[in-house]
Amino acid sequence: NPPLSAPAADASMAAALAALAERDPRYRRQAYEVVLAALAQAQHEAVDAASRSRRPAASHVGGEAILEALRRLALAEYGPLAYRVLTTWGLRRTEDVGAVVFALIEAGLLSATAEDSPADFADGYDFVTAFVEPFAESGDMPAGLPPLG
């Protein structure tokens with residue numbers, strides 16, 4: 001079989017993500033998309049770090065790197081709305097990010113090592129602290145966000 005063209009690959013991925021979202025209604029299609037974007041960012045950062053240190057780059061990144069990439073990506077893309085956007089898509093805790101990653105693995109869209117586990121995503125950070133607190137002092141918080149506690 002010839003390789004899929006970019007539009008066909010994009011359509012195939014979109015269909016796979018829609019099927020995952022339909023299978024598990026806790027997470028919307030956008031949750032899978034943002035987690036894949038965070039994974040891509042984490043992989044890119046790992047390659048950059050490896051090239052700066054002149055060592056071989058590994059394509060695998062762990063849960064901690066994915067979580068940190070998601071935090072930076074969401075804050076950069078959605079600013080004060082990051083918490084609301086992520087929770088609307090079903091991502092309320094770092095364990096949800098792990099559930100999405102492992103659903104992608106089970107669907108054959110990602111691969112894992114024997115050491116990878118959903119536990120890698122447990123208690124990574126508190127979503128309110130990560131996505132609301134950065135805007136609390138500046139007064140840039142939209143109405144309706146959870147209180148900082």
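Above: the structure in question.
Residues numbered from 1 in each chain as written. Predicted model: local features only at pLDDT ≥ 70, side-chain atom pairs only at ≥ 80, totals over all residues. Heavy atoms only, no water.

Caption draft 1: Representation of the overall build of the protein chain in the model. Tallying secondary structure elements over the protein chain gives seven helices and zero strands in all. Taken from the N to the C terminus, the helices and strands of the protein chain come in the order α-α-α-α-α-α-α. For the protein chain, restricting intrachain contacts to residue pairs at least 6 apart in sequence, the fraction spanning at least 24 positions comes to 67%. About 8,600 Å² of surface is accessible on the protein chain, with carbon and sulfur atoms providing 53% of the total. (Helix = DSSP H or I, 4+ residues; strand = E, 2+ residues; numbered from the N terminus. Contact = heavy atoms within 4.5 Å. Areas by Shrake-Rupley, 256 points an atom, 1.4 Å probe, with all protein chains shown as cover.)

Caption draft 2: Local environment of the packing of aromatic side chains. Inspection of every chain in the model, using the stated rule, returns five aromatic pairs. When the centroid spacing of 5.7 Å and the interplanar angle of 85° are considered together, the rings of Y78 and W89 count as edge-to-face. Here Y78, found in helix α3 (residues 63-78), pairs with W89, found in the loop between α4 (82-88) and α5 (94-106); they are eleven residues apart in sequence, far enough to count as distant. Taking the centre distance of 5.0 Å and the plane angle of 75° together, the rings of F127 and F131 count as edge-to-face. (Phe/Tyr/Trp six-rings, centres within 6.5 Å; stacked < 30°, edge-to-face > 60°.)

Caption draft 3: Region of the structure containing unusual backbone geometry. For D123, which is not glycine, the phi dihedral falls at a positive 55°. Relative to the elements of secondary structure, D123 occurs in the loop between α5 and α6 (127-131).

Caption draft 4: Representation of the side chain of D116 within the structure. Looking at the element boundaries, D116 is found in the loop between α5 and α6. Taking the relative accessible area as the measure of exposure, D116 reaches 18% and is therefore buried. In contact with D116, other than residues within four places in its own chain, are H60 and F102. (Buried < 20%, exposed > 50% of the residue type's maximum accessible area, 1.4 Å probe, protein only.)

Caption draft 5: The arrangement of the pattern of salt bridges in detail. The tally for this structure, following the rule as stated, stands at six salt bridges. Across the pair R26 and D24 runs a salt bridge whose closest N-O atoms are separated by 2.6 Å. With a shortest N-O distance of 3.2 Å, R72 and E68 are connected by a salt bridge. In this pair, R72 and E68 are both assigned in helix α3, four residues apart and thus about one turn of the helix distant. (Salt bridge = Lys/Arg side-chain N within 4 Å of Asp/Glu carboxyl O.)

Caption draft 6: Spatial organisation of α5. Between the first and last C-alpha of α5 there are 19 Å, a value that for 13 residues agrees with the 18 Å anticipated at 1.5 Å per step. For α5, the set of buried residues is T94, D96, V97, G98, V100, V101, F102, A103 and L104. Where α5 ends, the next residue or the one after it, G108, has phi of about 80°, a positive value. (Expected span 1.5 Å × (residues − 1).)

Caption draft 7: Fine view of the environment of A21. Summarising the element assignment, A21 is placed in helix α1 (residues 6-23). A21 sits ten residues away from A31 along the chain, and the two C-alpha atoms are 8.7 Å apart. What A21 contacts, discounting residues up to four positions off in sequence, is Y27, R28, R29 and Y32.

Caption draft 8: Spatial organisation of the side chain of T94. Residue placement: T94 occurs in helix α5. Side-chain polar atoms of T94 contact the backbone oxygen of F121, separated by 2.6 Å. Among all residues touching T94, those that are not within four sequence positions of it are L67, F121, A122, D123, G124, Y125 and F127. (Polar contact = N/O pair within 3.5 Å; in protein donor to acceptor, adjacent residues only side chain to side chain.)

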